[in-house]
Amino acid sequence: MKGAAATVLALLLAMPSSDTRAFTISSAFSPGCHEQISVDAFTLFLEQTERTRGTESLPLTWRRVAYVLANRIGIKVTSDEEAQLLLSLIVGVRSPDTGGHSVANITQLRSLHGDLDPDGQYLHALRAPDDDGPAGDASAVAGTRRSLERTVRRAFEAFRLPEEEQYGSAIMYIDFYGEVPVPVWWPAYYIARASHTLQDSLATCFETERAACARWLACSTTSTPSP
Amino acid sequence: MTNTIDSQSLRRLRGSVGLALLFAVATSPAPASAGRGFAREDSQGRLDGWYVAISIHLSFLSDVRNRSNVLPTFGYAVDVGHRWNDKAFFVHIEHNLWVRTELRKGIALGALSIAPGFDLIYGDGFVHTSVALGPSILLFDTPLDDAGSVGAFFELKPVGLRWKGNDHVALQLDPLSFAMVAPVLGGIPLIQLEYRTSFTTEVIP
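These figures come from a predicted structure and were not determined experimentally.

Asks: Just checking my understanding: could you explain the nonpolar core for this structure?
Replies: In this structure, Ala66(A), Leu86(A), Leu87(A), Leu89(A) and Tyr189(A) are the most contacted members of the largest nonpolar core, which totals 52 residues. In terms of residues, this core owes the most to one element, helix H4 (residues 80–98) of chain A, which gives eight residues. In contact with Leu87(A), other than residues within four places in its own chain, are Trp62(A), Val65(A), Ala66(A), Val182(A), Pro183(A) and Val184(A). Phe38(B), Ala53(B), Ala170(B) and Ile204(B) belong to the second largest nonpolar core, which has six residues in total.

Take a look at the structure:
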């Protein structure tokens, strides 16, 4: 009996496993896929968009942080506006995975990712606990769509606010300093948060789209420059 | 500002200090002797004179709110001191390195701390308690601060064990000590609270 159990166990261990693909955020343990994708979009945005809105001048500390991040990613920021956009995007795109906490804050990570609330799962284009079978497929897709729409709507609502109300602060964990409030421009923050869901949906749902996302998918399994 | 030492941590720190003092008072014999048969001792087992101690330390977990549960740090230190039997004054010079967990991997140079301190030996020379307080200097540029920023350092070793290595060497194990390495106190403060384990080799010439 023991021999049979050992054989079964050995066979199970020997069975080839399939890749599980998901985009990661930048940390000591993972490459910065979400950040890289968002910054790629950010760079395109800067190249193709005539920006007429002003920006609150960034305190020197945060300008410095933005320049350090930009330098690590390998892009240039040339103004306070770009610096604030970059900060907003990085903080926003990381927020669904970290909630502003450390990636090594195991207690918080567990509560964030083990969230039984369906919306907590749809934020990552994942099935909710009760989304089983074909009906669960439809439910997960609809939930993910609702999550995306809600976050994009919040971005537009923030964009329609008087300019001084479009700025605030969101929590981000900085190595050795802990959780600190980072100044963000809410429209960009929410767009980045929505893009996290969109990126996760590409990684987990749309198999046929993967070829078009080869670079980003490669980012999900290999090391890339991280901020 | 979310990056502050929360009241729960302060209560625990106060509790640790109180417990250490209570233990020190309860176990301190009078008159105490720091001797364990070292070459330097006089006929009464009194250990007077200079010493040099080299130590390594490691800390891994943190319970500070709004911090990671995993905050690995390590480092080394040199203490130069003078002992008057069971009491000693020393200068503690340490380099504390920090392991990154966010945004990217690597080891940051951390901080250099230089702290005068006091050490007490009791329990027939088997046990010691020490405390050190002084400045701490940031050794690397962070996204928020430049290297060279000066803050504060505090370390409490509540209960450590001592053994005789040979006639000129004492070995010391501090299973759990508390250190606050805070090279940046202004603006957004950089304060590392560490629960360390240290191993020390003390040379008594």
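Asks: How do you make sense of the confidence of the model for chain A when you look at a structure like this?
Replies: Predicted coordinates in regions of low pLDDT should not be interpreted in detail. Per-residue confidence for chain A averages 76 on the pLDDT scale, and 75% of its residues sit at or above 70. Of the regions scoring below 50 in pLDDT, residues 220–227 of chain A engages in 28 contacts with residues more than four places distant in sequence or in other chains.

Asks: What is the right way to look at the packing of helix H2 (residues 33–48) of chain A against H4(A) in this model?
Replies: Packed helices, taken two at a time, are described by the angle between their axes plus the distance between the axes. Residue and element names in this part refer to chain A. Where H2 contacts H4, the axes come no closer than 10 Å and their chain directions differ by 150 degrees. Our classification of the angle between H2 and H4 gives roughly antiparallel. Between H2 and H4 the crossing geometry is right-handed. On the side of H2, the interface is formed by His34, Glu35, Ser38, Val39, Phe42 and Leu46, while H4 contributes Glu82, Leu85, Leu86, Leu89, Ile90, Val93 and Arg94. Classifying every residue of the contact of H2 with H4 gives eight nonpolar, two polar and three charged.

Asks: In this structure, what is going on with the sheet that holds strand S3 (residues 87–99) of chain B? I would like to understand it.
Replies: For sheets, the rule is that strands pair by backbone hydrogen bonds, running either parallel or antiparallel. Residue and element names in this part refer to chain B. Ordered by their spatial adjacency, eight strands build a closed barrel running S1-S2-S3-S4-S5-S6-S7-S8, and the pairing between neighbours is antiparallel. Averaged over neighbouring strand pairs, the angle between their axes works out to 25 degrees when direction is ignored. Where strand S1 (residues 48–61) and strand S8 (residues 190–203) come together, eight bridges link them in antiparallel fashion. For Val52, the partnering residue across the bridge sits in S8 and is Val203.

Asks: I tried to follow the environment of Leu71(B) on my own but got confused; where do I start?
Replies: Mapped onto the elements of the fold, Leu71(B) is located in strand S2 (residues 70–84). Sequence separation of Leu71(B) and Phe60(B) is 11 residues, and the distance between their C-alpha atoms is 5.4 Å.

Asks: Before we go on, may I ask you to explain the pairing of strand S7 (residues 169–184) of chain B in this structure?
Replies: Residues and elements named next belong to chain B. As defined by bridge partners, strand S6 (residues 150–166) adjoins S7 across 10 bridges and the pair is classed as antiparallel. The partner of Lys164 across the bridge, within S7, is Ala170. Alignment of S7 against S8, held across 12 bridges, turns out to be antiparallel. Following the sheet pairing, Gln172 is matched in S8 by Thr200. Hairpin remark: S7 followed by S8, antiparallel, with five residues in the connecting loop; positive phi at Gly187, about 60 degrees.

Asks: So what exactly am I meant to see when it comes to the interface of chain A and chain B here?
Replies: The figure often quoted for interface size is the accessible area lost as the parts come together. Counting residues at the interface gives 25 residues for chain A and 21 residues for chain B. Mapped by element, the contributors of at least two residues to the side of chain A that touches chain B are helix H3 (60–73), helix H5 (106–113), strand S1 (167–174) and strand S2 (178–185) of chain A. Looking at side-chain class alone, the side of chain A that touches chain B contains 14 nonpolar, eight polar and three charged residues.

Asks: I'm lost on H2(A) in this one. Help?
Replies: Each turn of an α-helix holds 3.6 residues, which means side chains three or four residues apart point in the same direction. Taking 1.5 Å of rise per residue, 16 residues should cover 22 Å, and H2(A) covers 23 Å from first to last C-alpha, within 8% of that figure. Among the residues of H2(A), those classed as buried are Cys33(A), His34(A), Glu35(A), Gln36(A), Ile37(A), Ser38(A), Val39(A) and Phe42(A).

Quick notes on the rules
Residues numbered from 1 in each chain as written. Chains lettered and ligands numbered in written order. Predicted model: local features only at pLDDT ≥ 70, side-chain atom pairs only at ≥ 80, totals over all residues. Core = buried A, V, L, I, M, F, W, Y, C linked by C-beta atoms within 7 Å. Buried ≥ 20, exposed ≤ 12 C-beta atoms within 10 Å, placed from the backbone. Helix = DSSP H or I, 4+ residues; strand = E, 2+ residues; numbered from the N terminus. Contact = placed C-beta atoms within 7 Å. pLDDT = per-residue confidence, 0-100. Axes fitted to C-alpha atoms, helices over the stretch in contact; angles between N-to-C directions. Parallel < 35°, antiparallel > 145°, perpendicular 65-115°, else oblique. Left-handed = near helix turned anticlockwise from the far one by under 90°. Nonpolar A, V, L, I, M, F, W, Y, C, P; charged D, E, K, R; others polar. Pairing = 2+ DSSP bridges. Expected span 1.5 Å × (residues − 1).

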